[in-house]
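Residue strings, one per chain:
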Amino acid sequence: MSLGESVWKRARGVSALSERAYLSAVSGFTVYGMVLASLVAYMTMDWRPGILSFLFLGFGVPIAGIFIALRSDDWATSFIGYNMIVMGMGAISGPSVSYYNSGVIMTALLATSGVTVAMSLVGIMHPRLLLNWGGYLFGALLALVFVRFGQLFMAGFGVSATLWDWPLIDYGAAVLFSLYIIYDWNRAMNIPRTLDNAVDSAVAIFLDVINLFWSFVRIFGGRGSRN
């Protein structure tokens, strides 16, 4: 999932916030999303959703939230969309988290936090570093989505995991979403500094971070660390 390009084409407009206030707003909204998603995930750990519930909360609600956020020029409306994304993804993360032991989850959280802070600082201090990498990153993302669907297909047909569940894919995904954090911070730094743009930027960064987290869960979870 990603924000539409319309958000990042807001090159014109008045910067209503100072740079420090804008950076604080983007960072604050991002941290808020991660904390809320973690709380929702904790509360839904024992829930075992059916396929329809999973699709509705995992895809339907977040996609609707993305649509609301990117279509709105009002920060409060965008914030509603952001909460829909965060709560939907948090709800389906809970049952998935429960299949891993606490050590794996904590290690993944620490790794995600460290990488997120480091990549965010790089993206802020070098605001044009990966700004022209959009096509390459999107191509890599499409390739990853294709591979993931292929893995689901082979798993569904009982193909041995040794033939398709390669750790290298998870490492590649972690690198991809780490680069996306820099890229989305670069884009955030090159649009007018408004509260609405801060929310929209946080949406993009939140999606990068939660995908990075799940990449680390798979890396540290291995094949024998599940409950």
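Our subject is the structure listed above.
Attention in this report is confined to the structure presented alongside it. (Residues numbered from 1 in each chain as written. Predicted model: local features only at pLDDT ≥ 70, side-chain atom pairs only at ≥ 80, totals over all residues. Heavy atoms only, no water.)

**A few points about the overall build of the chain**
In terms of regular secondary structure, the chain is built from eight helices and zero strands. Seen in sequence order, the chain has helices and strands lined up from the N terminus as α-α-α-α-α-α-α-α. Looking at the chain as a whole, 44% of its 227 residues are labelled buried. Within the chain, counting contacts between residues at least 6 apart in sequence, those at least 24 apart form 89% of the total. Carbon together with sulfur atoms contributes 70% to the accessible area of the chain, which is approximately 11,900 Å² in total. (Helix = DSSP H or I, 4+ residues; strand = E, 2+ residues; numbered from the N terminus. Buried < 20%, exposed > 50% of the residue type's maximum accessible area, 1.4 Å probe, protein only. Contact = heavy atoms within 4.5 Å. Areas by Shrake-Rupley, 256 points an atom, 1.4 Å probe, with all protein chains shown as cover.)

**Side note on the packing of helix α3 (residues 51-71) against helix α4 (residues 75-97)**
Here α3 crosses α4 at 160 degrees, and the two axes come no closer than 7 Å. Here α3 lies roughly antiparallel to α4, going by the angle between them. α4 is crossed by α3, and the crossing has left-handed handedness. In contact with Phe-54, Leu-57, Gly-58, Val-61, Pro-62, Ala-64, Gly-65, Ile-66, Ile-68 and Ala-69 of α3, α4 contributes Thr-77, Ser-78, Gly-81, Met-84, Ile-85, Gly-88, Met-89, Ala-91 and Ile-92. (Axes fitted to C-alpha atoms, helices over the stretch in contact; angles between N-to-C directions. Parallel < 35°, antiparallel > 145°, perpendicular 65-115°, else oblique. Left-handed = near helix turned anticlockwise from the far one by under 90°.)

**Topic: the nonpolar core**
Formed by 52 residues in total, the largest nonpolar core has its most connected members in Tyr-82 and Phe-206. Sorting the residues of this core by element identifies α2 (19-43), α3, α4, α5 (102-125), α6 (134-156), α7 (167-188) and α8 (195-221) as the ones contributing at least two each. Per-element tally for this core: the top contributor is α8, with 14 residues. Those residues in contact with Tyr-82, other than ones at most four positions away along the chain, are Phe-29, Thr-30, Tyr-32, Gly-33, Val-199, Ala-202, Val-203 and Phe-206. (Core = buried A, V, L, I, M, F, W, Y, C linked by side-chain atoms within 4.5 Å.)

**Describing the packing of α5 against α8**
With their axes 8 Å apart at the nearest point, α5 and α8 run at an angle of 135 degrees to one another. For the element pair α5 / α8, the angle class is oblique. Viewed along their axes, α5 and α8 form a crossing whose handedness is right-handed. Residues Val-104, Ile-105, Thr-107, Ala-108, Leu-109, Ala-111, Thr-112, Val-115 and Thr-116 of α5 lie in contact with α8, whose contacting residues are Val-209, Leu-212, Phe-213, Phe-216, Val-217, Phe-220 and Gly-221. For the contact of α5 with α8, the residue count by class is 12 nonpolar, four polar and no charged. (Nonpolar A, V, L, I, M, F, W, Y, C, P; charged D, E, K, R; others polar.)

**A short note on the environment of Leu-179**
With respect to the helices and strands, the residue Leu-179 is situated in helix α7. Expressed as a C-alpha distance, the spacing of Leu-179 and Gly-123, which sit 56 residues apart in the sequence, is 9.2 Å. Each residue touching Leu-179, except ones within four places of it in the same chain, is listed here: Leu-130, Trp-133 and Leu-137.

**Topic: a nonpolar patch on the surface**
On the surface, Val-31, Val-35, Leu-39, Tyr-42 and Met-43 cluster together to form a nonpolar patch covering roughly 580 Å² of accessible area. Tracing the chain through its elements places Val-35 in helix α2. (Patch = residues over 30% accessible without salt bridge, like charges linked within 9 Å, V, L, I, M, F, W, Y side chains within 5 Å. Salt bridge = Lys/Arg side-chain N within 4 Å of Asp/Glu carboxyl O.)

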